[in-house]
Amino acid sequence: MSKKRTKKSVTLAYKRANEMGVLVQEEPGRGHHPADNAPLIGPGQVYATRTGVMFHPAWCSQVGELWDTNPRRILVVNEASVGTRRRCGACDKQPLMSFSSQSQSQERSTEASAL
C-alpha cells in the first residue's frame, strides 16, 4: 500500500469517527491495574479508540488484544460522548472485566482480609 493511500485511509477514518461524535477523554475512574498499568474504567466510562466505530463498556478480548499490541490507542471516555458508535457485542457476551466485576472482586478481597 502506498503512503498516499495509507494517509488517505487514516484521514477518512478520523473523519468518519468525528462524524459519530467527538470523544471526551477522561482519567480512568478506578485508576490503573497494578500489574500492567491498564486503565480501569469507573461508572459512566467506556473504552474506545479515536478511529473506532464501537465502544467497549467492559474489558473484553478486543480491548485486551489492543492493549497487548498498542496500548496508546485505548482511550477512557465518558459514555455520553460515544455518539452513534455501536456497543461491542463481545463485551456483552464474555466480558473479561467490567466495572461491576471489578467492584465485586475488590469487595471479596476486602471481606476476606477482614476475616
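Thresholds, definitions, all that
- Residues numbered from 1 in each chain as written.
- Predicted model: local features only at pLDDT ≥ 70, side-chain atom pairs only at ≥ 80, totals over all residues.
- Heavy atoms only, no water.
- 1 Å grid on protein atoms, 1.4 Å probe; cavity = no way out; pocket = protein on both sides within 12 Å on 5 of 7 lines; lining within 4 Å.
- Points joined across faces, edges and corners; volume = space filled by probe spheres on them.
- Helix = DSSP H or I, 4+ residues; strand = E, 2+ residues; numbered from the N terminus.
- Nonpolar A, V, L, I, M, F, W, Y, C, P; charged D, E, K, R; others polar.
- pLDDT = per-residue confidence, 0-100.
- Salt bridge = Lys/Arg side-chain N within 4 Å of Asp/Glu carboxyl O.
- Buried < 20%, exposed > 50% of the residue type's maximum accessible area, 1.4 Å probe, protein only.
- Contact = heavy atoms within 4.5 Å.
- Polar contact = N/O pair within 3.5 Å; in protein donor to acceptor, adjacent residues only side chain to side chain.

**Some thoughts on the layout of surface pockets**
Its boundaries defined by the atoms lining it, the largest pocket holds a volume of some 190 Å³. Elements that contribute at least two residues to the lining of the largest pocket include exactly β1 (45–48) and α2 (61–69). It is α2 that provides the largest number of residues to the lining of the largest pocket, a total of three residues. Tallied by class, the residues present in the lining of the largest pocket amount to seven nonpolar, four polar and no charged.

**Comments concerning the confidence of the model for the protein**
Of all residues in the protein, 77% have pLDDT values of 70 or greater, and the mean over the chain is 82. Per-element confidence in the protein ranges from a low mean pLDDT of 41 for helix α4 (residues 99–114) to a high of 97 for β1.

**Side note on the pattern of salt bridges**
Counted under the stated rule, the structure contains one salt bridge. Arg87 serves as the salt-bridge partner of Asp92, at 3.0 Å between the closest nitrogen and oxygen. Judged by relative accessible area, Asp92 falls into the partly exposed class, the value being 46%. Judged by its relative accessible area of 43%, Arg87 falls in the partly exposed class.

**Digging into the environment of Gln45**
Mapped onto the secondary structure, Gln45 falls in strand β1. Since its relative accessible area comes to 7%, Gln45 is described here as buried. Each C-alpha atom, one on Gln45 and one on Glu79, is 5.0 Å from the other, the two residues being 34 residues apart in sequence. In this structure Gln45 touches Glu26, Glu27, Pro28, Gly29, Leu40, Val76, Val77 and Glu79, once residues within four positions along its chain are discounted. From its side chain, Gln45 meets the backbone nitrogen of Gly42 in a polar contact 2.8 Å long.

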